[in-house]
Amino acid sequence: MMRQEPVNYVFEMPIKVRDYEVDSQGIVNNANYQHYLEHTRHMFCEQAGVSFRDMHAAGIDPVVRRIEIDYLRPLGLGDSMVSRIALFRQGPMFVFRQDIFTPEGEPVVHAMVDIVCLENGRLTRGERLAEAFAKYL
């Protein structure tokens, strides 16, 4: 359910709906929102100076533990959106609050994405990843 308190977003990026992302009803298929959310997290990590390729090479693999999505408004072919991230920690989890809005600010999707960190294949408290995200937490 959508939280009403002010959100401190640490990253945002624009996205435009492409033709192959809509279904026969002419709206974005629900699974594509997960692609938008993941792409936004990857771009956030790159901006933070940690690409998934580099993390994996260092033995660090952030993985999704849980995703909760509220679909609030459909988007269609050619529509634009702004995808935003707020980040906090909850024990060993990194919790990405991800919201997608129309350019006018109307909510489209609200998601909470829990990420845990594997290091060399073993679950950890994610301290190495926390160092990379320190200025965003």
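The preceding data block contains the structure.
All values reported here derive from a predicted model rather than from experimental measurement.

The rules behind these values
Residues numbered from 1 in each chain as written. Predicted model: local features only at pLDDT ≥ 70, side-chain atom pairs only at ≥ 80, totals over all residues. Heavy atoms only, no water. Salt bridge = Lys/Arg side-chain N within 4 Å of Asp/Glu carboxyl O. Buried < 20%, exposed > 50% of the residue type's maximum accessible area, 1.4 Å probe, protein only. Phe/Tyr/Trp six-rings, centres within 6.5 Å; stacked < 30°, edge-to-face > 60°. Helix = DSSP H or I, 4+ residues; strand = E, 2+ residues; numbered from the N terminus. Lys NZ or Arg CZ within 6 Å of the ring centre and 35° of its normal.

(A) Geometry of the pattern of salt bridges. Considering all chains together, one arrives at 8 salt bridges under this definition. The salt bridge involving R18 is made with E21; its shortest N-O contact spans 2.4 Å. The exposure class of E21 is buried, given its relative accessible area of 3%. Of the charged contacts, one joins D99 and R97 as a salt bridge, the two residues approaching to 2.6 Å between their closest N and O atoms. Judged by relative accessible area, D99 falls into the buried class, the value being 0%. Take R97: its relative accessible area is 4%, and that puts it in the buried class.

(B) How the structure looks around the packing of aromatic side chains. Going through the model one piece at a time under the given rule, you end up with 9 aromatic pairs. Ring centres 5.6 Å apart and planes at 85 degrees place the aromatic pair Y33 and Y36 in the edge-to-face group. One end of the pair is Y33 and the other is Y36, both in helix α1 (residues 30-47) and 3 residues apart, which spans about a single turn. Taking relative accessible area as the criterion, Y33 reaches 3% and is therefore assigned buried. In this structure Y36 comes out as buried when scored by relative accessible area, which is 2%. Pairing F44 with F96 gives two aromatic rings, centres 6.0 Å apart and planes at 80 degrees, and the pair type is edge-to-face. Remark: F96 occurs in strand β4 (residues 93-101) and F44 occurs in helix α1; sequence separation between them is 52 residues. You can call F96 buried: its relative accessible area is 3%. Taken together, the aromatic side chains of F11, F44, F94, F96, F133 and Y136 make up a single cluster linked through ring pairs. Positioned over the ring face of Y9 is R84, at 5.8 Å from the centre of the ring.

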